[in-house]
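# Descriptive analysis of the structure
Spelled out, the chains give:
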Amino acid sequence: MTGAPGDLESFTPYLLNRIGARYNKSVETALKEVGVSVPQMRALAVLAESGPYTITELSVLTVIKQPTLSRTLDAMESAGLVRREAQDGDSRFRKISLTDAGRAAYETAWPAMQAMRDRMLQALDDEERATLNDLLQRVLHDIRHHDF
């Protein structure tokens, strides 16, 4: 089932990385048309679904290293897409949330993400898609380092 050493096509992490990279490259082109980068879209999507978050939490959920995410958030804040607010009056801890403009950008860009997902999964029927998502969520749950 796992293949012989060197059989990358049978090595699940390799396949997941290739799929993720291909998806990101394809969606990058689609998102450019609406003026949003892939890292920005990741932040918009996470914040739209369940924000606000600290930069540490957002880094985990967007799978973006903190220095890169910080630069991304700087640009997003300058563009009026997000705001950073001190948490409990302590300026060292800031919560990041969407502005109305950020929510509008998310809603404009999200259809491109859905279209690329549908293209990527076109060979699977609805039941297979649900099974794939369930399996991936179980794997993520078992290997995560955080409670989220």
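This text gives an overview of the structure that appears in the document.

Calculation criteria
Residues numbered from 1 in each chain as written. Predicted model: local features only at pLDDT ≥ 70, side-chain atom pairs only at ≥ 80, totals over all residues. Heavy atoms only, no water. Helix = DSSP H or I, 4+ residues; strand = E, 2+ residues; numbered from the N terminus. Buried < 20%, exposed > 50% of the residue type's maximum accessible area, 1.4 Å probe, protein only. Contact = heavy atoms within 4.5 Å. Areas by Shrake-Rupley, 256 points an atom, 1.4 Å probe, with all protein chains shown as cover. Lys, Arg positive; Asp, Glu negative; His and termini not counted. Charge placed at Lys NZ, Arg CZ, Asp CG, Glu CD. Phe/Tyr/Trp six-rings, centres within 6.5 Å; stacked < 30°, edge-to-face > 60°. Core = buried A, V, L, I, M, F, W, Y, C linked by side-chain atoms within 4.5 Å.

## Description of the overall build of the protein
The helix and strand tally for the protein stands at 6 helices and 2 strands. Shown N-terminal to C-terminal, the secondary structure of the protein runs as helices and strands in the order α-α-α-α-β-β-α-α. Dimensions of the protein, computed from the C-alpha atoms along their principal axes, are close to 55 × 35 × 30 Å. Going through the 148 residues of the protein one by one, you find that 28% of them count as buried. Taking the intrachain contacts of the protein between residues at least 6 apart in sequence as the baseline, contacts between residues at least 24 apart amount to 43%. Split by element, the accessible area of the protein, about 10,100 Å² in all, is 53% carbon and sulfur. Side-chain charges of the protein comprise 18 positive and 21 negative groups, with the mean position of each set lying 7 Å from the other.

## Some remarks on the packing of aromatic side chains
Counting across every chain of the model gives 1 aromatic pair. An angle of 35° between the planes, with centres 5.6 Å apart, marks the rings of tyrosine 106 and tryptophan 110 as tilted. In this pair, tyrosine 106 and tryptophan 110 are both assigned in helix α5 (residues 100-120), 4 residues apart and thus about one turn of the helix distant. We classify tryptophan 110 as partly exposed; its relative accessible area is 29%.

## Digging into the nonpolar core
Ranked by internal contacts, the top residues of the largest apolar core, which has 29 residues, are Leu31, Met41, Leu44 and Leu58. Listing elements by their share of this core, those giving two or more residues are α1 (12-32), α2 (38-50), α4 (66-78), β2 (90-98) and α5. Tallying contributions element by element places α2 first for this core, with 8 residues. Not counting the four nearest positions on each side in its chain, leucine 44 is found in contact with Val36, Met76, Leu98, Gly102, Ala105 and Tyr106.

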